[in-house]
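These are the residues of each chain, in order.
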Amino acid sequence: MQRIYLKQGRERPVLNGHPWIFSGAIERIEGEMESVGVADIFDNKKNWLARGLYNPKSQIRVRLLTWQNEDIDGDFFARRLAHAHALRQRNLSASTNAYRIVNGEGDFLPGLIVDRYGGFLVCQFFTAGMALFRNDIVDFFTKDNAIEGIFERSEGRVGDEEGLEPAIGVLKGESPPETITVEENGFKFLVDIRRGQKTGFYLDQRDNRAFLSTAVSNRSVLNCFSFSGAFSVYAFAGKAKEVVTLDSSKPALELAEQNLELNGFTSEPGEILKGDAFAYLKEVDRKFDLIVLDPPSLAHRRSDIDAATGGYKFLNLHALKHLSPGGLLLTFSCSQHLSIDLFQKVVFGAAVDARRKANIIKRLSQPIDHPVSLHHPEGEYLKGLALRVLD
Ligand code: SAH
C-alpha cells in the first residue's frame, strides 16, 4: 500500500470529503510509486486522513473511497454497492426496469458506473484503480437472481486519460441479445447495450421526459438530438398533435422508429429526420409549439468552454426564434464543465438576440438514480431549463 503525504495546506478538500487528489497536491509518496493500488493519505504532519485508489498515470492521482479506517476489499464494495442499490429499490417504480445502480462519485464509488437494463447490467470502469476490483463488484451483483448477465463497456475518453485499456465483453452469465426491450415509466424501449451510445440509453432524462409529456397536449413538437426517440415517445403519449424527431445518427433513428412502433405510435412520413440540428434549426421555415434541445456534451474539457458556449448559444437562439407564442423550450447541457449559472447566461444571451421574452417554468436536472455527492458538486452534469416564451 502506498503512503501519500500532501503538501502543507492541501489537506482541506480531503477533510471536506472531496474525492479527488490532484498530482499538484502531493508532497511525497512512500511505496510502489509506479503501480496502481490502494493508498493511504496523510497530511504534512503525518496525520492519517483517508484511503483511496492511486494511479500514477492519472492527473487525478488518487480517488478517495473512505475517510474511515476500513479495509478496501470485497466486503467494502459489497457495503457500498448495497447502499447504492437500496436507493433505487426504494425510490423507482415497478414500471421502470432501466436505471443507473451506481453513479460513480455520486454513490461514493469514483470510477464506477453500473446501469441496469432489465435482466442485464452494464458496467463501466473509468479508473485503473476501480478496475482492480472488477471481480468483487461482479460477485456482488451475481447474488441477485434477477440478473441474467453482466456486460462490460469500459471505453472512452476518461479511461484513455487513466491509461486504461478499453474492455468490452461479457463479464458474467448470459451474453446480451442484439437489443433488449426495457421499460421506463411503463413505456417500452429497445436498447443496444453492446454498441449503443453511453451504455445504450440516456437514463438521465427519465424525469424530464415525464415532464414533457405533461406539457405537449395538442402541441407540435420538435425533438432535436433525439437519439432513440425517447422524448418523442413521451410526446405522443402526452397527445402531441405532431412530433418531429431529428438526429444525425442513422442507427439512433432506426431505434427511434422501432421505439415509436413498440409503444403504438407512428410518425408521418418526413417526421423522422436524419440531419444536423444546427443547420436544421437555422434553416427550417416554420414554427413549433415545443422544442427539445438535448445536444451531446459540447465541452469535454475546461478549455472547450468558450467554443461550447458559442454552440449552445447558436442552438438556443435558433430554437427560440422557431417557437410559436406561448411555446416551450426544453434546453439542456450535459457538459460537466459548464456551470448552471453560465448555461443560464448563455440561454439568456440567446433570448436577447432572438428578441424573445421568456420565463423559466421549471429547472430540469438528473433523476434520483444519478445522485450527486454533496462533496463533489462537479457530479451534477445535467442541467436544463424549461422556458416559456411570451409572444
Ligand atoms: N435526447 C436523447 C439523448 C440525446 S444524446 C434521449 O433522450 O435519449 C445526443 C444525440 O445527439 C445523439 O443521439 C447524437 O447522435 C446526436 N447528435 C450529435 N450531433 C448532432 C448534430 N449535429 N445534429 C443532430 N444530432 C446530433
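In this text, all values refer to a predicted model and were calculated from it rather than measured experimentally.

Trainee: Can you walk me through the site of the ligand in this structure?
Mentor: Around the ligand, the structure places 16 residues, and the nearest of them are Arg-209, Asp-247, Asp-276, Ala-277 and Asp-294. Here a nitrogen atom of the ligand and a backbone polar atom of Ala-277 are 2.8 Å apart. Taken by itself the ligand offers 590 Å² of open surface, and the protein chains cover 89% of this. Residue composition of the shell around the ligand, grouped by class: seven nonpolar, five polar and four charged.

Trainee: Help me understand the sheet that holds strand β8 (residues 112-117) in this model?
Mentor: Pairing between sheet strands relies on hydrogen bonds along the backbone, with the strands arranged either parallel or antiparallel. In spatial order, the strands read β7-β8-β9-β10-β11; together these five strands make up an open sheet with mixed pairing. Since the sheet does not close on itself, it has two edges, and those belong to β7 (98-103) and β11 (167-173), each with one partner. On average, each strand axis in the sheet is tilted by 20 degrees relative to the strand beside it, whichever way the strands run.

Trainee: I would appreciate a short explanation of the nonpolar core in the present structure.
Mentor: One broad trend across soluble globular proteins is that nonpolar side chains are buried collectively. Core analysis: the biggest nonpolar cluster contains 37 residues, and Tyr-117, Phe-189, Ile-193, Leu-212, Leu-290 and Leu-330 have the highest contact counts within it. Broken down by secondary-structure element, the contributors of at least two residues to this core are β9 (120-125), β12 (180-184), β13 (187-191), α6 (206-213), α7 (230-237), β17 (288-293) and β18 (323-333). With six residues, the single largest contributor to this core is α7. Inspection of this core shows a minimum of three residues originating in each of domain 2 (74-180) and domain 3 (202-389). With 32 residues, the next largest nonpolar core counts Tyr-280, Phe-288, Leu-315 and Leu-323 among its residues.

Conventions adopted
- Residues numbered from 1 in each chain as written.
- Predicted model: local features only at pLDDT ≥ 70, side-chain atom pairs only at ≥ 80, totals over all residues.
- Heavy atoms only, no water.
- Near = heavy atom within 4 Å.
- Polar contact = N/O pair within 3.5 Å; in protein donor to acceptor, adjacent residues only side chain to side chain.
- Areas by Shrake-Rupley, 256 points an atom, 1.4 Å probe, with all protein chains shown as cover.
- Nonpolar A, V, L, I, M, F, W, Y, C, P; charged D, E, K, R; others polar.
- Pairing = 2+ DSSP bridges.
- Helix = DSSP H or I, 4+ residues; strand = E, 2+ residues; numbered from the N terminus.
- Axes fitted to C-alpha atoms, helices over the stretch in contact; angles between N-to-C directions.
- Core = buried A, V, L, I, M, F, W, Y, C linked by side-chain atoms within 4.5 Å.
- Buried < 20%, exposed > 50% of the residue type's maximum accessible area, 1.4 Å probe, protein only.
- Domains from an automatic or database assignment.

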